[in-house]
Amino acid sequence: MARVLSFFRPKPLLALVEKRKSLFSKMSLDSRAREVFATAVRAVQPDTVVRQSIQRKEDVITIDGHKLRLKNNLHLVGFGKAVLGMAAEVERILSDHLVSGVISVPQGIQEILRQHGKNHLLLKENSCIEVIEGAKHNLPDGDAQKAAEKIMLLASGLTKEDLLLVLISGGGSALLPSPVPPISLQEKLDVTRKLAGAGATIQELNTVRRALSLLKGGGLAHFAHPAQVVALILSDVIGDPLDLIASGPTVQTEIWHEEVLSVLERYHLLDSVPVSVMEVLGKPGSRWQNKQEGTQEEHVINAVIGSNSIALKSAGRRARELGFRPVVLSLGVSGDVKLVSRLYGLLARFACSQEEPPPEIAEELLRLGPDVGVESWDLCRTMQVLDQGRSEGWGATCLLAGGEPTVELKGKGRGGRNQELALRVAVELQGMAQPPKGPVFLSGGTDGQDGPTDAAGAVTDSSLCEEARKQELDVNKFLDNNDSFTFFSKLSSGQRLLVPGLTCTNVMDVHVLLIPSPPINIATN
Ligand SMILES: Nc1ncnc2c1ncn2[C@@H]1O[C@H](COP(=O)(O)OP(=O)(O)OP(=O)(O)O)[C@@H](O)[C@H]1O
Ligand SMILES: O=C(O)[C@H](O)CO
């Protein structure tokens, strides 16, 4: 078939395809895994996702299928780690209609972007958008509260002639603190910090946050009424739940105080929350005095313009160019990092098995699925693709997944969930064939950070444990101390660390498992 096709294909194209294959065949699996990850991050750059989400024709813009006419009536607010870059792109496209704006962004981000030469993610010198930096270390502070007050004031002053563009990305909750009186900022911070420290998920955390906030849980949309509100959202939460990303400031949400109290009780915090919090939670009915006429849907458009799904689609296309058949396992990998590492170890063994893989592997994978956020049908579908790759010997597979595993911190070491996951997968891969014949695994945070470290993650394979033994590094000792960053920094001068630097985006973590082409079994019968 290839010979027939080649007859019709113009020679230069064929030569280009062959050249590209030979080029990539020289790239190590480690390099190709890093290129797949880099492509995922590129696909969700803040300026890219905004540019792709706003189509403009003269004074009419189309967003998420909605046509909106601009008449010098555009106002902009935003909050989140990627919002400065998003606002810079909005300014490039719509500055002639932009009247006012306030954005709340992380402390020091403008200087960091300048230092990294990312001036395209900065606003113009004479911008009408006010930038307020705050929430150092992702914790709400007085600067972020001032920004929230200015955002509330801007929204409250709009009329039905106005259009309010709301830019939202990960880290937005901490950048938009607006506690319901009489709760103080410190009291609200104490509650959320205790919940996070007790291991509450982001879903639980934001369920509580929006109940204690004037702007979260649809509050911002409430204050902006009757202006038209359009929210452009870069999602950093599994499943892209609009009401939980940055605690859903543009999504009208019924606050069930019982649900909030049950979260506090689950983490044994009911007795330690301030009186002011119990007072607010004890008030029945709506948080706002006057229920606005009209419904949320009539004046609010919420559009997810960047997500883990978009990042993985792009990564899959790149993997194909690099000689792999891509398959996305799941966008919602979660659960304890130990179980997640077991998941990838079993999938690698299943895919790389020379013979028919023992049924115990599939059985254990299906048992594991619910604990790591992977549905059975996604596991079966993925195992089918891996089995085809193995049994039909047609080529290499790139398994992709997204999510946010959790780590139960018991040690005092330095690391992050991505680095710890990569190290634990290396332990699971021990004894398997080594690259280029054996599998390679990468785990990386798309925001370029992993825990309190400068790394985003790491790249590992079945040779790592032997490599560590030769360098007298005790893998299990580092794991017991949650010290994965120190381990990877010491191993082979840090070569296995994934350090993309500041990425200016955040759509959770990306996992890449590269399964090389199986050796062709020449039939001997
Ligand atoms: N030494 C460590 N080893 C392993 N995991 C760690 C360690 N220290 C922190 N972590 C994990 O890193 C997580 C915090 O990661 P990070 O600082 O990247 O923020 P994040 O969860 O990605 O939030 P955001 O989306 O705002 O960036 C914590 O939930 C914790 O479980
Ligand atoms: O800010 C937040 O609430 C988290 O990043 C989830 O969106």
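Just so it is clear, the model here is predicted, and its values are computed rather than measured.

Draft legend 1. View of the confidence of the model for the protein. When pLDDT is averaged along the protein, the result is 91; 91% of the residues meet or exceed 70. The complex prediction reports pTM at 0.88, with the ipTM value standing at 0.95.

Draft legend 2. Region of interest: the UniProt feature "domain: MOFRL-associated" (unreviewed entry) in the protein. Those places that UniProt annotates as "domain: MOFRL-associated" (unreviewed entry) correspond, in this numbering, to residues 33–281. The distance from the first to the last C-alpha atom of residues 33–281 is 48 Å, and the span holds 40% helix and 18% strand.

Draft legend 3. Spatial organisation of the state of the cysteines. Evaluated as defined, the whole model comprises zero disulfides. Of the cysteine sulfurs around C352, a residue in no disulfide, the closest is that of C398, at 13 Å.

Draft legend 4. Quick peek at the packing of aromatic side chains. As enumerated under the stated definition, the model contains three aromatic pairs in all. An angle of 65° between the planes, with centres 5.5 Å apart, marks the rings of F478 and F487 as edge-to-face. Centroid distance F487 to F488: 5.2 Å. Interplanar angle 80°. Geometry classified as edge-to-face. Site record: aromatic cluster; members linked through ring pairs are F478, F487 and F488.

Draft legend 5. The arrangement of the UniProt feature "domain: MOFRL" (unreviewed entry) in the protein in detail. Those places that UniProt annotates as "domain: MOFRL" (unreviewed entry) correspond, in this numbering, to residues 398–509. Along residues 398–509, the helical share is 29% and the strand share 18%, with 16 Å between the first and last C-alpha atoms.

Draft legend 6. Layout of the site of ligand 2. In the region of ligand 2, the neighbouring residues are G170, G171, G172, S173, I202, N206, R209, D236, V237, I245 and A246. The separation between an oxygen atom of ligand 2 and a polar main-chain atom of G172 is 3.0 Å. Between an oxygen atom of ligand 2 and a main-chain N or O atom of A246, the distance comes to 2.9 Å. Expressed as a share of its isolated accessible area of 230 Å², the protein-covered part of ligand 2 is 93%. A per-class count over the shell around ligand 2 returns four nonpolar, five polar and two charged.

Draft legend 7. Expanded view of unusual backbone geometry. Omega for the peptide link from P181 to P182 comes to 10°, which places this bond in the cis form. Tracing the backbone through its elements, the reader meets P182 in the loop between β7 (163–168) and α8 (185–197). Cis geometry marks the peptide bond from P435 to P436; its omega dihedral reads 5°. The backbone phi angle of A135 is positive, close to 50°, even though this residue is not glycine. With a relative accessible area of 6%, A135 lands in the buried category. If you check the backbone angles, M508 has positive phi at about 70° while not being a glycine.

Draft legend 8. View of the pattern of salt bridges. Taken as a whole and judged by the stated rule, the model has 26 salt bridges. Of the charged contacts, one joins R51 and E89 as a salt bridge, the two residues approaching to 3.3 Å between their closest N and O atoms. With R51 in helix α4 (residues 46–53) and E89 in helix α5 (residues 83–94), this pair connects stretches of sequence that are 38 residues apart. The exposure class of R51 is partly exposed, given its relative accessible area of 41%.

Draft legend 9. Summary view of the sheet that holds strand β12 (residues 440–445). Taking strand neighbours across the sheet as the criterion, the six strands line up as β10-β11-β15-β12-β13-β14 in an open arrangement whose pairing is mixed. At either end of the open sheet lies a strand with only one pairing partner, and these are β10 (324–333) and β14 (497–498). The sheet contact formed by β12 and strand β13 (residues 457–461) spans five bridges and is antiparallel. What sits directly across from V440, in β13, is D461. Running over the sheet, helix α14 (residues 308–321) touches β10, β11 (396–403) and β15 (509–515) and is turned about 165° from β10.

Draft legend 10. Highlighting the site of ligand 1. The full set close to ligand 1 counts 17 residues, and K81, G415, R417, D447 and N482 are the nearest of them. R417 places a side-chain nitrogen or oxygen 3.0 Å from an oxygen atom of ligand 1. Contact between ligand 1 and D447: an oxygen atom at 2.9 Å from a side-chain N or O atom of the residue. Protein burial of ligand 1: of its 640 Å² of free accessible surface, 74% is covered by the chains. Classifying every residue of the shell around ligand 1 by side-chain character gives three nonpolar, eight polar and six charged.

Draft legend 11. Geometry of the pairing of strand β8 (residues 228–234). Counting buried positions along β8 gives six out of seven residues, so the element sits mostly inside the fold. The pairing of β7 with β8 spans six bridges and is parallel. When the bridges of β8 are listed, L164 appears paired with V229. Bridge count for β8 against strand β9 (residues 300–306) is six bridges, and the pairing is parallel. Of the residues in β9, the one forming a bridge with L232 is A303.

Basis of the calculations
Residues numbered from 1 in each chain as written. Chains lettered and ligands numbered in written order. Predicted model: local features only at pLDDT ≥ 70, side-chain atom pairs only at ≥ 80, totals over all residues. Heavy atoms only, no water. pLDDT = per-residue confidence, 0-100. UniProt positions renumbered as here; feature names shortened; annotations may be inferred. Helix = DSSP H or I, 4+ residues; strand = E, 2+ residues; numbered from the N terminus. Disulfide = S-S within 2.5 Å. Phe/Tyr/Trp six-rings, centres within 6.5 Å; stacked < 30°, edge-to-face > 60°. Near = heavy atom within 4 Å. Polar contact = N/O pair within 3.5 Å; in protein donor to acceptor, adjacent residues only side chain to side chain. Areas by Shrake-Rupley, 256 points an atom, 1.4 Å probe, with all protein chains shown as cover. Nonpolar A, V, L, I, M, F, W, Y, C, P; charged D, E, K, R; others polar. Buried < 20%, exposed > 50% of the residue type's maximum accessible area, 1.4 Å probe, protein only. Salt bridge = Lys/Arg side-chain N within 4 Å of Asp/Glu carboxyl O. Pairing = 2+ DSSP bridges. Contact = heavy atoms within 4.5 Å. Axes fitted to C-alpha atoms, helices over the stretch in contact; angles between N-to-C directions.

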